[in-house]
Amino acid sequence: MNNNEINEILEMREQLATLKKQLDTQEIINDRLIKEAMSSKLSSINRSAVWICVVCLIMIPLGYLNFQRLGHSTAFCIATSALFLICFVAIFLSHYRLRKSDIRNGNLITTYTEVARMRKIYKNWHYFSIPIVVVWFGWWEYEIYQNMAHEDLTMMFIISGSGIFGAIIGGIIGLRIHKRTLRTAEDLLHQIEEIQKGE
């Protein structure tokens, strides 16, 4: 081998080493970007849960006091506050183990397990929530009728209609939040599956 060939081989080795360094750097950057995207999705899921929990905590005493002030029965007021408490507990229990630090530390199995658990709770939540809301709404209508049957029926229908309108708007908002959370959770699970396939 002459000097030119040796120099070419050494130059090729140097280029390969440089290329390997660049690829390693690119892989680190890609890994960091993927983790940041996953952390962002997890933050989005947890942020909406925090807001819902705050609303539930506010509504536990507020619902009781407002319905009591309007003349509804104590049993109805307690049941209303209990429903908000149940919602708070269900959301808290489904989210409290979802941590961004697990993603940053590379603990994707734990993240996957917890997101899958949260998604399962969310998917099954409507089996409980819809029947309970229907029963609660019927009870609320009965309470309105009991309180206003001897008064102006027009006002009773206005209040009832307002309640139906509010239930429809609340249902639409709740359904959108619910679907967005499920969609984000499924995206996150899919990303983790793709990463695990690549390893």
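What you see is a predicted model; the values in this text were computed from it and never measured. (Residues numbered from 1 in each chain as written. Predicted model: local features only at pLDDT ≥ 70, side-chain atom pairs only at ≥ 80, totals over all residues. Heavy atoms only, no water.)

**Student:** Break down helix α2 (residues 74-95) for me, with residues and values.
**Tutor:** Taking 1.5 Å as the rise per residue, α2 with 22 residues should run 32 Å; its terminal C-alpha atoms sit 32 Å apart, in good agreement. Those residues of α2 lying buried are F76, C77, T80, S81, F88, I91, S94 and H95. Along the axis of α2, the buried positions cluster into a sector of 165 degrees, meaning they face one direction only. (Helix = DSSP H or I, 4+ residues; strand = E, 2+ residues; numbered from the N terminus. Expected span 1.5 Å × (residues − 1). Buried < 20%, exposed > 50% of the residue type's maximum accessible area, 1.4 Å probe, protein only. Arc of directions from axis to C-beta.)

**Student:** Can you explain the packing of aromatic side chains? Please cite residues and give values.
**Tutor:** Counted according to the given criterion, the structure contains nine aromatic pairs. For the ring pair F67 and F76, a centre distance of 5.2 Å and an interplane angle of 80 degrees mean the geometry is edge-to-face. Among the residues examined, F67 registers a relative accessible area of 15% and is labelled buried. Ring centres of W136 and W140 lie 6.3 Å apart, and the angle between their planes is 5 degrees; this geometry places the pair in the stacked category. (Phe/Tyr/Trp six-rings, centres within 6.5 Å; stacked < 30°, edge-to-face > 60°.)

**Student:** Requested: an account of the environment of L98, with residues and values cited.
**Tutor:** Counting through the fold element by element, L98 comes out in the loop between α2 and α3 (100-104). For L98, a relative accessible area of 7% translates into the label buried. When the C-alpha positions of L98 and S43 are compared, they lie 9.0 Å apart, and in sequence the two are 55 residues distant. Leaving out residues up to four positions away in the same chain, L98 has contacts with L42, I45, N46, E114, V115 and M118. (Contact = heavy atoms within 4.5 Å.)

**Student:** So what about a positive patch on the surface? Which residues, and what values?
**Tutor:** Taken together, R176, K179, R180 and R183 make up a surface patch of like positive charges. The exposed category is assigned to R176, whose relative accessible area is 64%. (Patch = residues over 30% accessible without salt bridge, like charges linked within 9 Å, V, L, I, M, F, W, Y side chains within 5 Å. Areas by Shrake-Rupley, 256 points an atom, 1.4 Å probe, with all protein chains shown as cover. Salt bridge = Lys/Arg side-chain N within 4 Å of Asp/Glu carboxyl O. Lys, Arg positive; Asp, Glu negative; His and termini not counted. Charge placed at Lys NZ, Arg CZ, Asp CG, Glu CD.)

**Student:** Can you break down the pattern of salt bridges residue by residue, with the values?
**Tutor:** Enumeration over the complete set of coordinates arrives at two salt bridges. Salt-bridge contacts for E114 lead to R117; the nearest nitrogen and oxygen are separated by 2.9 Å. With E114 and R117 both in helix α4 (residues 108-148) and three residues apart, this pair spans about one turn of that helix. According to the relative accessible area criterion, E114 is buried, its value standing at 10%.

So far we have only geometry, and geometry alone does not tell us how the molecule works.
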